[in-house]
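If you want the building blocks of each chain, they are given just below.
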There are 2 protein chains.
Amino acid sequence: MRIVVVGGVAAGMSAASRARRQDPDAEVVVFERGEYVSYGACGLPYVLSGQAGDSTDDFGALVARTPAQMRARGISVRLRHEVLSVDAGAATTLVRDLNSGQTRTEPYDHLLLATGVAPVRPDWENLNAAGVHVLREIPDAQAIGASLGSGAKRAVVIGGGYIGLEMAEALHLRGLKVVLLESAPQVAGRMLDRQYRAEVGAELERGGIEVRAGVNVEGLHARAGRVTGVQTDAGTVRADLVIVAVGVRPRVELAQSAGVRLGRTGAIATDARMQTSVPGIWAAGDNAESLNRVSRRKVHLPLGLGANRMGRVAGVNMAGGEAKFPGVVGSAVFRVLNLSVARTGLTHEEALALGLDAVSADVRSTDHAGYFHDARPLQVRLTAERGTGRLLGAQFLGHGDAVKRVDVVAALLHGRGKVQALAEMDLAYAPPFSSVWDVLLVVAGKLRAMI
Amino acid sequence: MRIVVVGGVAAGMSAASRARRQDPDAEVVVFERGEYVSYGACGLPYVLSGQAGDSTDDFGALVARTPAQMRARGISVRLRHEVLSVDAGAATTLVRDLNSGQTRTEPYDHLLLATGVAPVRPDWENLNAAGVHVLREIPDAQAIGASLGSGAKRAVVIGGGYIGLEMAEALHLRGLKVVLLESAPQVAGRMLDRQYRAEVGAELERGGIEVRAGVNVEGLHARAGRVTGVQTDAGTVRADLVIVAVGVRPRVELAQSAGVRLGRTGAIATDARMQTSVPGIWAAGDNAESLNRVSRRKVHLPLGLGANRMGRVAGVNMAGGEAKFPGVVGSAVFRVLNLSVARTGLTHEEALALGLDAVSADVRSTDHAGYFHDARPLQVRLTAERGTGRLLGAQFLGHGDAVKRVDVVAALLHGRGKVQALAEMDLAYAPPFSSVWDVLLVVAGKLRAMI
């Protein structure tokens, strides 16, 4: 039994580990194009900003297990090996050793595609100038670090999604003057409802990060091969460092070469066992679709936990076990400067777009008892289906860990819980942690009356 | 329609407000023995310690609504009025105005007993000496404040439950030398399993609060009517301030005078609508039993949220509405110095004592991604039923708000959730908030394999 995994980061490494545990006799081989496996890519902005690791280039701090540790577990890790194509009929892959340049045919019994996503690279002039970066993998972060080391002072971050926001923070913390450009009217557009997005932009501005929204980038300026500014439809913004964070696309070329069916989202379609349309070929992680349990639609949601979860499921199944991926509910959390933001399920806008009869309640409260000196604002929107009260989603704005309350709603979404039940729950209370009625109970009580 | 409420703090005031809202024409009268209504008694230690309010005697900061505000809502609040007895046959109460000393007969259509709990006062010599205090109501806190103001330096707190722990912290923060005496082998005995209790004691000691466990108090020493020490079976402990926090008992004298049935816990028995065994008489709050949804047993759990929840249910029902109290799951959280502690459901020890085939898993992790500089230890025990995987409870030790994750388990307990489902949930992840696999997912995964 030979299990071949393409891609050695989140999904790929989770799958390899699980397959190994499920079937100690299976041969498990991981081909990784790059030089690192098993690292937390989500941590890259935090190493760059100095919030994690021993220094701002200590990306090794993000490595969960080294290739040697994986090999000690009986997993064969081949770094700098790129899988070029798949012959599904022959059950082989064509692999190039990027060091030697040689190619070799590698057979498989089960093949996992864990190729992740690639940053979208718009067709802009000077996109390849020095000082222009995307952020996805460790070498990207190293290149950004090099630009910082060479004295960059003015940064433009293009795109106000998770990566754009995190990189704007990181560069701000490194002392750069940062301008964030967003083509939509507000940042954080795909995560939150309009009113909540506005708070994210306001926090950036409060912290000294300039936000220019509703602005389209037309190209980049460069001099002597080095970026000097960003051309927009509202003028030029000077920059000696530019982060392009305008989205990601699933890496599906290999899947297509194997005749694997893609879903409507453009990512690889799988069943709940993570099997693709081609026997013997599996997919997991950011390159694969998943089921949103709230909307009952297939979605492409490239986030770290989902990738790891899918990888585990694929690993168990490839090695002869039986596991199913129950899907996602759309949970996400991020922090930008002093604002913590969390969401799960559907936003009100998303629910309406899906044709659901959504109703939402908002509550502004505090994270600790209001009379506590350290009480800080905590705002929540809870959304449910009118008539039935079925919970659809929640959005939180607050400070520190208080927004992790979102997981209560996430857990209830997994079981198709109702707002009526949430309003009556026995949540933990003491003054250093909440008001007697936790903000979740308050908002659920308010929403219940609107159902 | 005349609704009479006895007791104007948590349950009583919640009931009065809800009854008023349910039936704007009903007459709602609240008799409160003391001088304050509608205040957060749980906040008293935090005002005393200087963590809440404008000063260490600003107990007014804890008042949610003043009598005037309640009256403006059409609720008649009578302070310093003690209800002496109930004639259920005549549907009247005998009420004494503590200012004038006069008694009066007050009729009711519905009577709510929200008389709360009284601190247990052991039969110790010199219990009434100056400097010896219990903590339950605002006047108790004011008396403690006066003892502090008169220069107390050495405090002994007797009892290591919630109030004892919170008062030990408060007095420590006020600069006193504090000794905590506990008759059981460890503090926090009713809240946590043995290993977790040990961490609470260790935190107290780390912070400079001396813990003497397994020590029985035999009496108090006093000189000239002022306490000078505590006599134990292991010697005398000097003290000029003593807090007696050895438990509470439900105030049920009035209920008994009315012929109301008590439950096996000694608190008032009610149905899910909070109706007692006597028609027209209701009970809610710390003097009433509630159903533990995990053990399916009646319990006496005098905690703030439960009291408010019961009060609301009683208020709706007395005013002709229809509400049911679904019961508690045993959630609680507290902080002592730098340690946050939370629990829900049953501890492993409690589950075994109930004859359940309990199995528990423990995980030590961090509250944020391990590579984050601000990551702090977070420890969790998850308990489930062997064979079925039904969740039974969770215990957390950590810092700050991280332990509020307990609410995820509390929510699942309400729906008789299983560990298998928890292990596969889409909880929110970003490095500033958790590891990719939140500690809850890690412990659930571990426990699932043990079921």
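See the structure above.
This write-up is about the structure you can find in this document. (Residues numbered from 1 in each chain as written. Chains lettered and ligands numbered in written order. Predicted model: local features only at pLDDT ≥ 70, side-chain atom pairs only at ≥ 80, totals over all residues. Heavy atoms only, no water.)

On to the relation of the copies chain A and chain B, then. Relating one copy of the chain to the other requires a rotation about an axis plus a shift along that axis. Overlaying chain A with chain B gives an RMSD of 0.0 Å, the required rotation being 180° about an axis along which the chain moves by 0.0 Å. The symmetry that links the two subunits is that of a two-fold axis. Residue Val 408 of chain A of chain A places its C-alpha closer to the rotation axis than any other residue of that unit, at 2.2 Å. A shared interface surface links the copies, since 100% of the contact residues of chain A are contact residues in chain B too. (Least-squares fit on C-alpha atoms with pLDDT ≥ 70 in both. Contact = heavy atoms within 4.5 Å.)

With that settled, the discussion passes to the sheet that holds strand E3 (residues 75–79) of chain B. All names here are of chain B. Spatially, the 5 strands line up as an open sheet ordered E3-E2-E1-E7-E18, and their pairing is parallel. On the outer flanks of this sheet lie E3 and strand E18 (281–283), each paired with one strand and no other. Averaged over all adjacent pairs, the angle separating strand axes in this sheet is 20°, with direction ignored. When strand E1 (residues 2–6) meets strand E7 (residues 110–113), the two strands line up parallel, connected through 4 bridges. Across the sheet, the residue bridging to Val 6 is Leu 113, located in E7. (Pairing = 2+ DSSP bridges. Helix = DSSP H or I, 4+ residues; strand = E, 2+ residues; numbered from the N terminus. Axes fitted to C-alpha atoms, helices over the stretch in contact; angles between N-to-C directions.)

In this section: the environment of Leu 84 of chain B. Residues and elements named next belong to chain B. The topology assignment puts Leu 84 in strand E4 (residues 81–87). Along the chain, Leu 84 and Gly 345 lie 261 residues apart, while their C-alpha atoms are 37 Å from each other. Residues in contact with Leu 84, not counting those within four places in the same chain, are Leu 94, Arg 96, Thr 103 and Leu 254.

Among the secondary structure elements, Thr 344 of chain A is positioned in strand E22 (residues 339–345). With a relative accessible area of 1%, Thr 344 of chain A lands in the buried category. (Buried < 20%, exposed > 50% of the residue type's maximum accessible area, 1.4 Å probe, protein only.)

Before going further, it helps to spend a moment on the interface of chain A and chain B. Listed as interface residues are 60 residues of chain A and, on the opposing side, 60 residues of chain B. In total, about 5,200 Å² of surface goes out of reach between chain A and chain B, with carbon and sulfur atoms giving 63% of it. Along the contact surface separating chain A from chain B lie 28 residue pairs in polar contact (both at pLDDT 80 or more). For the side of chain A that touches chain B, the elements supplying multiple residues, two or more each, are helix H8 (304–318), strand E21 (332–336) and helix H10 (406–414) of chain A. Considering every element that reaches the side of chain A that touches chain B, the biggest residue donor is H10 of chain A, with 7 residues. Grouping the constituent residues of the side of chain A that touches chain B by class yields 32 nonpolar, 15 polar and 13 charged. (Buried area = accessible area lost by both parts, 1.4 Å probe. Polar contact = N/O pair within 3.5 Å; in protein donor to acceptor, adjacent residues only side chain to side chain. Nonpolar A, V, L, I, M, F, W, Y, C, P; charged D, E, K, R; others polar.)

For the rest of this paragraph, the subject is the pattern of salt bridges. Where charged atoms from two side chains of opposite charge come close, those side chains can pair. Residues and elements named next belong to chain A. For the structure on display, the rule yields 50 salt bridges over all chains. With its nearest N and O atoms 2.9 Å apart, the salt bridge here joins Arg 405 to Asp 438. Placement of the pair is Arg 405 in the loop between strand E25 (391–398) and H10 and Asp 438 in the loop between helix H11 (419–422) and helix H12 (439–448), with a sequence separation of 33 residues. Exposure class is identical for Arg 405 and Asp 438. Each is buried. (Salt bridge = Lys/Arg side-chain N within 4 Å of Asp/Glu carboxyl O.)

Turning next to the packing of H10 of chain A against helix H10 (residues 406–414) of chain B. Two elements in contact, H10 of chain A and H10 of chain B, have axes separated by 8 Å at closest approach and are oriented at 30°. Here H10 of chain B runs roughly parallel to H10 of chain A, going by the angle between their axes. You can see that H10 of chain A and H10 of chain B cross each other, and the crossing is right-handed. Here Asp 407, Val 408, Ala 411 and Leu 412 of chain A of H10 of chain A come into contact with H10 of chain B, specifically with Asp 407, Val 408, Ala 411 and Leu 412 of chain B. Of the residues belonging to the contact of H10 of chain A with H10 of chain B, the class tally is 6 nonpolar, no polar and 2 charged. (Parallel < 35°, antiparallel > 145°, perpendicular 65-115°, else oblique. Left-handed = near helix turned anticlockwise from the far one by under 90°.)

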